Amino acid sequence: MHYYYVYMLLCADGRYYVGVTNNVERRYAEHQDGKDPEAWTFGKGPFQLVYVQEFQWIQEAITWEKQLKGWSAKKKKALCDENYEVLAQLAKCKNASRHDRPERQQLSK
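The paragraphs below set out a description of the structure included in this document. In this text the structure is predicted, and so the values were computed from the model without any measurement.

**Here we look at the packing of aromatic side chains**
Enumeration according to the criterion identifies three aromatic pairs in this entry. Ring centres 5.9 Å apart and planes at 20 degrees place the aromatic pair Y17 and W40 in the stacked group. Here the residue Y17 occupies a position in strand β2 (residues 16-21), and W40 occupies one in the loop between α1 (24-33) and β3 (48-55), the gap between them amounting to 23 residues. Note on Y17: relative accessible area 18%, which makes it buried.

What follows is the structure, encoded as structure tokens:
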């Protein structure tokens, strides 16, 4: 059985890189070697491997990878630190949702 992994690297410049692979050790070494000038991580090392999540199905791994890529650096850090309280706070919607907008409340009256 094959497994797939979503991983997160902390780059030397403090930014996060999120990727998916079937071999974390090999992929981490490739990032550290930094031989591909076309890669987003080129020149951003050294790296720290700060997060790994295992998946049985590649599609689930890709879905999680895409979700993480859309997160803020603060949310990524909270996940890596396993600080779920902060993560929950950061995940709360800060915008007025449709149900909270005054014009929606007036329409329903």
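**A short note on the sheet that holds strand β1 (residues 4-10)**
Strand order across the open sheet formed by three strands is β2-β1-β3, with antiparallel pairing between neighbours. Looking along the sheet, the strands with just one partner apiece sit at the ends: β2 and β3. For this sheet, the mean inter-axis angle between neighbouring strands, taken without regard to orientation, is 20 degrees. Bridge count for β1 against β2 is six bridges, and the pairing is antiparallel. Note on β2: the bridge partner recorded for V6 is V20.

**Brief notes about the layout of surface pockets**
What the largest pocket holds in volume is close to 150 Å³. Taken together, 14 residues line the largest pocket, and the ones lying closest to its centre are E30, H31, G34, K35 and T41. Residue composition of the lining of the largest pocket, by class: three nonpolar, six polar and five charged.

What counts and what doesn't
Residues numbered from 1 in each chain as written. Predicted model: local features only at pLDDT ≥ 70, side-chain atom pairs only at ≥ 80, totals over all residues. Heavy atoms only, no water. Phe/Tyr/Trp six-rings, centres within 6.5 Å; stacked < 30°, edge-to-face > 60°. Helix = DSSP H or I, 4+ residues; strand = E, 2+ residues; numbered from the N terminus. Buried < 20%, exposed > 50% of the residue type's maximum accessible area, 1.4 Å probe, protein only. Pairing = 2+ DSSP bridges. Axes fitted to C-alpha atoms, helices over the stretch in contact; angles between N-to-C directions. 1 Å grid on protein atoms, 1.4 Å probe; cavity = no way out; pocket = protein on both sides within 12 Å on 5 of 7 lines; lining within 4 Å. Points joined across faces, edges and corners; volume = space filled by probe spheres on them. Nonpolar A, V, L, I, M, F, W, Y, C, P; charged D, E, K, R; others polar.

Keep in mind that these numbers describe shape and distance, not what the molecule does.
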